[in-house]
Amino acid sequence: MKRILILLACSAIGTCLYAQKKPVATSGNPIFPGWYADPEGAVFENRFWVYPTYSAKYEEQVFMDAFSSKDLVKWEKHEHVIDTANFKWAKKAVWAPSIIKKDNKYYLLFGANDIQSDQETGGIGIGVSDKPEGPFKDYLGKPLVDKFYNGAQPIDQFVFKDKDGQYYLIYGGWGHCNIGKLKADFTGFIPFEDGKIFHEITPKGYVEGPYMFMRNGKYYFMWSEGGWTGPDYCVAYAIADSPMGPFKRIDKILQQDPKVATGAGHHSVIKHPQTNDYYIVYHRRPLGETNGNNRVTCIDRMEFDTNGLIKPVKITFEGVKANPIR
């Protein structure tokens, strides 16, 4: 009898040890299959959402998919949340979505047509929907921004809500970044005191992909540097006391790891709504891929030091652990 009890005890201990050693499920990187880039992360209706660019030839970029998750690990695909069939002026190169909820409506902004001058049709458009999964319909019937101001190509848009309730559009390619005050109904812009619609806030090294968030009363401004098809594409940041800056570059915090992937850039940030956990969602190019459009969407933890500076992000194959919204 004693021997049986000892064997049972040993078996139970072994089972417990095995359970402790069993690996915790992670998202893995990439977090979903397919070529996707420029991901915008958000939290809506107790779910995590990612809205990426469909990474393909410009002529094939005529729609966007979205992905949602309850725990950051298992992702559900929502196909064609936005489609150029619903935007008569948009023909190709649908890029870099930015989404925000306001007054029970969801507004998804995107760049289209990759215009090279003020004489071409295209720029930054807005879709609207009653649901985060769309479908999004044309809100204005035309682009919100369709010209070059301060040298900024009208792409890579981001909508930022300030603590006073003012919404800003931050955008720009070709090495220039603009900020403008959106009207309450998102139909246009409120001029600044000097009469200008946009002010340039370009920091040193800026190329494209702006993103802004607030933490402890400070404005963290982030952007991508380098060429999007190259291995050295990366993310840098600055901190200021105002969304207008001035933004002095602090450091690079996301970049390639020759053992994991190259071209890590064009990101966004997700903060868990119930914890102090921050995640960076970004795209990168798998090792060995030479096609510029072969990019995948990934997620890793983003942490801060005691001074509030962002620690360099370690890009991984594992991704992040499950962290559901309770």
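Before reading on, note that the structure itself is shown above.
Here is a short report on the structure shown in this document.

Definitions and cut-offs
Residues numbered from 1 in each chain as written. Predicted model: local features only at pLDDT ≥ 70, side-chain atom pairs only at ≥ 80, totals over all residues. Heavy atoms only, no water. Pairing = 2+ DSSP bridges. Helix = DSSP H or I, 4+ residues; strand = E, 2+ residues; numbered from the N terminus. Axes fitted to C-alpha atoms, helices over the stretch in contact; angles between N-to-C directions. Salt bridge = Lys/Arg side-chain N within 4 Å of Asp/Glu carboxyl O. Buried < 20%, exposed > 50% of the residue type's maximum accessible area, 1.4 Å probe, protein only. Core = buried A, V, L, I, M, F, W, Y, C linked by side-chain atoms within 4.5 Å. Contact = heavy atoms within 4.5 Å. Polar contact = N/O pair within 3.5 Å; in protein donor to acceptor, adjacent residues only side chain to side chain. Phe/Tyr/Trp six-rings, centres within 6.5 Å; stacked < 30°, edge-to-face > 60°. Lys NZ or Arg CZ within 6 Å of the ring centre and 35° of its normal.

A word on the sheet that holds strand β15 (residues 218-225)
Thought 1: Spatially, 4 strands are ordered β14-β15-β16-β17 in an open sheet, and the strand pairing comes out antiparallel. Sheet topology places β14 (208-215) and β17 (251-254) at the edges, where each strand pairs with a single neighbour. In this sheet, adjacent strand axes meet at a mean angle of 35° when their direction is disregarded.
Thought 2: Summarising the sheet, β14 and β15 pair through 6 bridges and their orientation is antiparallel. Bridge pairing in β15 links Met214 to Tyr219.

Brief notes about the sheet that holds strand β1 (residues 36-44)
Thought 1: Across the sheet, 4 strands lie side by side as β1-β2-β3-β4; this open sheet has antiparallel pairing. At either end of the open sheet lies a strand with only one pairing partner, and these are β1 and β4 (76-83). The sheet shows a mean angle of 25° between the axes of neighbouring strands, direction not considered.

Side note on the pattern of salt bridges
Thought 1: Inspection of the entire model under this criterion finds 11 salt bridges.
Thought 2: Its salt-bridge partner being Asp38, residue Arg295 comes within 4.0 Å of it at the nearest N-O pair. Separated by 257 residues along the polypeptide, Arg295 in the loop between β19 (278-286) and β20 (296-302) and Asp38 in strand β1 bring together distant segments of the chain.
Thought 3: The class for Asp38 is buried, based on a relative accessible area of 8%.
Thought 4: Between Arg47 and Glu76 there is a salt bridge, with its nearest N and O atoms 3.5 Å apart. In this pair, Arg47 is assigned in strand β2 (residues 47-54) and Glu76 in strand β4, connecting sequence segments 29 residues apart.
Thought 5: One network of salt bridges, in which partners are shared, links Asp65, Lys77 and Glu79.

Section: the pairing of strand β9 (residues 158-161)
Thought 1: Across 4 bridges, β9 lies against strand β10 (residues 167-171) in antiparallel orientation. Bridge pairing in β10 links Val159 to Leu169.
Thought 2: Counting the residues in the hairpin turn of β9 and β10 gives 5 residues, including Gly165, whose phi is positive at 90°.

Notes on the nonpolar core
Thought 1: Counting 38 residues, the largest nonpolar core has Phe213, Phe221, Met222, Ile253, Leu254 and Met302 as the members making the most contacts within it.
Thought 2: Beyond its immediate sequence surroundings of up to four residues, Ile253 is in contact with Met222, Val235, Ala236, Tyr237, Ile280, Ile310, Lys311, Pro312 and Val313.

Focus: the side chain of Gln166
Thought 1: By the element assignment, Gln166 lies in the loop between β9 and β10.
Thought 2: Within the local environment of Gln166, its side chain forms a polar contact with the backbone oxygen of Leu182, the two atoms lying 3.0 Å apart.
Thought 3: Those residues within four positions of Gln166 in sequence are excluded, and the remaining contacts are Phe160, Lys161, Lys181, Leu182 and Ile190.

So, the packing of aromatic side chains
What characterises a pair of aromatic rings is the spacing of the ring centres plus the angle enclosed by the ring planes.
Thought 1: Following the criterion strictly, the structure yields 28 aromatic pairs and no others.
Thought 2: Between Tyr149 and Phe198 the ring centres are 5.0 Å apart and the planes differ by 55°, which places this aromatic pair in the tilted class. Taken together, the residues Tyr149 in the loop between β8 (137-138) and β9 and Phe198 in the loop between β12 (189-190) and β13 (199-200) connect sequence positions 49 residues apart.
Thought 3: The class of Phe198 is buried, set by a relative accessible area of 5%.
Thought 4: Where Tyr171 meets Phe198, the ring centres are 5.3 Å apart and the plane angle is 75°; that geometry is what we call edge-to-face. Of this pair, Tyr171 sits in strand β10 while Phe198 is found in the loop between β12 and β13, placing the two residues 27 residues apart along the sequence.
Thought 5: Its relative accessible area of 0% is what places Tyr171 among the buried residues.
Thought 6: Members of the aromatic cluster, connected to one another through ring pairs, are Phe32, Tyr36, Tyr54, Phe63, Phe67 and Trp75.
Thought 7: Stacked on the ring of Phe186, the Lys or Arg Lys102 has its end atom at 5.8 Å from the ring centre.
Thought 8: Above the ring of Phe304, the side-chain terminus of Arg215 is found at 3.8 Å from the ring centroid.

The values reported here are purely geometric and, on their own, carry no functional implication.
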